[in-house]
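# Tertiary structure, described
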Amino acid sequence: MAVVAGRAYLHGADLLLNAKEFALLRFLVQNEGKIFSKEALDEAVWNLPVLHDARVIKSHLYRVCARLQGSGYNIETVCGEGYRFGPAESKQNNVRAKV
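Note that the coordinates shown come from a computational prediction; the quantities given were computed from them, not determined experimentally.

As a further point, take the pairing of strand S5 (residues 82-87). Across the six residues of S5, five count as buried, placing the element largely inside the fold. In this structure, strand S4 (residues 73-78) lies alongside S5, joined through six bridges in antiparallel fashion. Within S5, the residue paired with Thr77 across the bridge is Tyr83. Between S4 and the antiparallel strand that follows it, S5, lie three residues; Gly80 among them carries a positive phi value of about 75 degrees.

Turning our eyes to something else, we now look at helix H2 (residues 38-46). Taken together, the buried positions of H2 are Leu41, Asp42, Val45 and Trp46. With its buried residues spanning 105 degrees around the axis, H2 presents them on a single face. With its phi angle positive at about 55 degrees, Asn47 sits one or two positions after the end of H2.

Let us look at the nonpolar core. By size, the foremost hydrophobic cluster in this structure holds 22 residues, and its most contacted members are Leu17, Leu24, Leu25, Leu28, Leu41, Leu61 and Ile75. The element contributing the most residues to this core is helix H1 (residues 19-30), with six residues. If we ignore the near neighbours within four places in the chain, the residues touching Leu41 are Leu24, Phe27, Leu28, Phe36, Trp46, Ile57, Leu61 and Tyr83.

With that out of the way, let us pick up the confidence of the model for the protein. The predicted coordinates should not be examined in detail at positions where pLDDT is low. Chain-level statistics for the protein give a pLDDT mean of 82 and a share of 80% at 70 or above. Predicted confidence in the protein is weakest over strand S6 (residues 95-98), with a mean pLDDT of 43, and strongest over S5, with 94. This stretch, residues 92-99, has a pLDDT under 50; its non-local contacts, to residues over four places away or in other chains, come to 25 contacts.

Attention now goes to unusual backbone geometry. One non-glycine residue, Leu16, adopts positive backbone phi at about 55 degrees. Along the chain, Leu16 falls in the loop between strand S3 (13-14) and H1.

The contact between H1 and helix H3 (residues 54-67) brings their axes to 10 Å, and the two run at 75 degrees. As the angle between them shows, H1 and H3 are arranged roughly perpendicular. Here Lys20, Glu21, Leu24, Leu25 and Leu28 of H1 come into contact with H3, specifically with Ile57, His60, Leu61, Arg63, Val64 and Arg67. Residue classes in the contact of H1 with H3 are distributed as six nonpolar, one polar and four charged.

Thresholds, definitions, all that
- Residues numbered from 1 in each chain as written.
- Predicted model: local features only at pLDDT ≥ 70, side-chain atom pairs only at ≥ 80, totals over all residues.
- Heavy atoms only, no water.
- Buried < 20%, exposed > 50% of the residue type's maximum accessible area, 1.4 Å probe, protein only.
- Helix = DSSP H or I, 4+ residues; strand = E, 2+ residues; numbered from the N terminus.
- Pairing = 2+ DSSP bridges.
- Arc of directions from axis to C-beta.
- Core = buried A, V, L, I, M, F, W, Y, C linked by side-chain atoms within 4.5 Å.
- Contact = heavy atoms within 4.5 Å.
- pLDDT = per-residue confidence, 0-100.
- Axes fitted to C-alpha atoms, helices over the stretch in contact; angles between N-to-C directions.
- Parallel < 35°, antiparallel > 145°, perpendicular 65-115°, else oblique.
- Nonpolar A, V, L, I, M, F, W, Y, C, P; charged D, E, K, R; others polar.

Below is the structure:
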């Protein structure tokens, strides 16, 4: 995966992310392996303490996750804690499933 001028590429193909999806992916990649709650992602990506509708973050995560297929990376849901970006092969005990 490569990042060039506000765009993310996978195997040379543009992932076609909108601005918020790109910001979300960039934040998670820069913090690979760390777990973030929806509230922490709201603050980091949207610059809001709490997003009005929690489904918005879930929807963005789902779209980014779909575009990561085949990359060897994914965004995992860590039960009761939040979300983590990392290698797809990495499974830890408290991971429930991909977003």
